[in-house]
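Working through the structure, step by step
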Amino acid sequence: MSTNENVPSHIAIIMDGNGRWARQKGFIRFRGHEEGAKSVREITRACAKKKIKQLTLYAFSLENWKRPQREINLLMKLLKDYLIGERNEIRENDIRLTAIGRISALPEDVKRELRISMEESKNNKGMTLCLALNYGGRAEIVDAVKAIAEQVKTGKLNVGEITEETFKKYLYTHDMIDPDLLIRTAGEMRISNFLLWEISYAELWVTPVCWPDFKKEHLEEAIKDYARRERRFGGLRGEYT
Ligand code: IPE
Ligand code: IPE
Ligand code: MG
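Here we summarise the structure given alongside this text. (Residues numbered from 1 in each chain as written. Chains lettered and ligands numbered in written order. Predicted model: local features only at pLDDT ≥ 70, side-chain atom pairs only at ≥ 80, totals over all residues. Heavy atoms only, no water.)

Some words on the site of ligand 1
- The environment of ligand 1 is formed by Met-15, Asp-16, Gly-17, Asn-18, Gly-19, Arg-20, Arg-29, His-33, Ala-59, Asn-64, Arg-67 and Leu-75.
- Within the backbone of Gly-19, a nitrogen or oxygen atom sits 2.9 Å from an oxygen atom of ligand 1.
- Within the contact set of ligand 1, an oxygen atom lies 2.7 Å away from a side-chain nitrogen or oxygen of Arg-20.
- Secondary structure elements with two or more residues in the shell around ligand 1: α1 (18-25) and α2 (29-49).
- Top element by residues in the shell around ligand 1 is α1. It accounts for 3 residues.
- Grouping the constituent residues of the shell around ligand 1 by class yields 3 nonpolar, 5 polar and 4 charged. (Near = heavy atom within 4 Å. Polar contact = N/O pair within 3.5 Å; in protein donor to acceptor, adjacent residues only side chain to side chain. Helix = DSSP H or I, 4+ residues; strand = E, 2+ residues; numbered from the N terminus. Nonpolar A, V, L, I, M, F, W, Y, C, P; charged D, E, K, R; others polar.)

Written out as structure tokens, the structure reads:
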């Protein structure tokens, strides 16, 4: 049987379970988010060292605004501190930082730090680290449809020209490859509106480990499992062709 021996080019992670991690330890939820930021650093470093081309992290969903204002404020503060605090690390690991989502709706101070980090790292040649911020998969598709409709309305695009390839050009991820491996921590078997278009053929890996406990060895385990899988993309196994 032919297997996929390669490491994934693009890993996407739904970083879940910060709250549960904190509750299990008797801490307030925010401690879980703080510890989660440490996992972000370790996993980013590990992926960069493994020459993974892209790591996309689901950090804040469009639906996360439903949380109490206090938690949202703390998460935004943590994000800002992370952006400032990781600049050296990003530089040293030759990482290019990007972001997807409805970025314009983020707080001004977060946007400023994000802009600085992206600008500073834009010519780096190593791994791309993409933060999904205020991201929703359905919103991404709706935003693409609106942009396409605008092009059609102004006569710049014919309806007949709309293919999967053209559609992709209007997504936030237009310049990225699709994820090969999607990891979700903390055990839930759901997608929670993450990269709906892009994960159509991603390999899924769900671990019960909560995000603050997710370390290099868990990443290795996921990558090893990925290597054993046979990706067929709707075709047949090698032995039948
Ligand atoms: C993930 O952890 C972090 C964000 C969604 C921002 P959660 O905060 O969702 O943790 P649980 O799911 O409540 O354990
Ligand atoms: C998904 O986690 C979003 C992020 C990791 C940023 P959630 O905790 O928001 O997802 P649900 O509510 O369990 O589906
Ligand atoms: Mg959660």
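Anyway, onward from the coordinates.
A closer look at the pairing of strand β5 (residues 181-184)
- Side chains Leu-181 and Ile-183 of β5 all project onto a buried face; the interleaved residues Leu-182 and Arg-184 project onto the opposite face, where all are buried too.
- With 4 bridges connecting them, strand β1 (residues 10-14) and β5 associate as parallel partners. Bridging from a neighbouring strand, Ile-11 pairs with Leu-181 of β5.
- Looking at chain direction, β5 and strand β6 (residues 203-206) are connected through 4 bridges and run parallel. Residue pairing across strands places Leu-182 opposite Leu-204, the latter belonging to β6. (Buried < 20%, exposed > 50% of the residue type's maximum accessible area, 1.4 Å probe, protein only. Pairing = 2+ DSSP bridges.)

Re the environment of Ile-52
- Tracing the sequence through the fold places Ile-52 in the loop between α2 and β2 (54-61).
- A residue is classified by how much of its surface remains accessible, and Ile-52, at 2% relative accessible area, is buried.
- Taking C-alpha positions, Ile-52 is 27 Å from Ala-139, a pair spaced 87 residues apart along the chain.

Examining the site of ligand 2
- Inspection of the region around ligand 2 gives Ile-14, Met-15, Asp-16, Tyr-58, Ala-59, Phe-60, Ser-61, Asn-64, Arg-67, Arg-184, Arg-190 and Ser-192 as its neighbouring residues.
- With respect to ligand 2, the side chain of Arg-190 contributes an N or O atom lying 2.8 Å from an oxygen atom.
- For ligand 2, an oxygen atom lies 2.6 Å from a polar atom in the side chain of Ser-192.
- Protein contacts shield 78% of the accessible area of ligand 2, which totals 390 Å² for the unbound molecule.
- Counting residues per element, the shell around ligand 2 draws most heavily on β2, at 4 residues. (Areas by Shrake-Rupley, 256 points an atom, 1.4 Å probe, with all protein chains shown as cover.)

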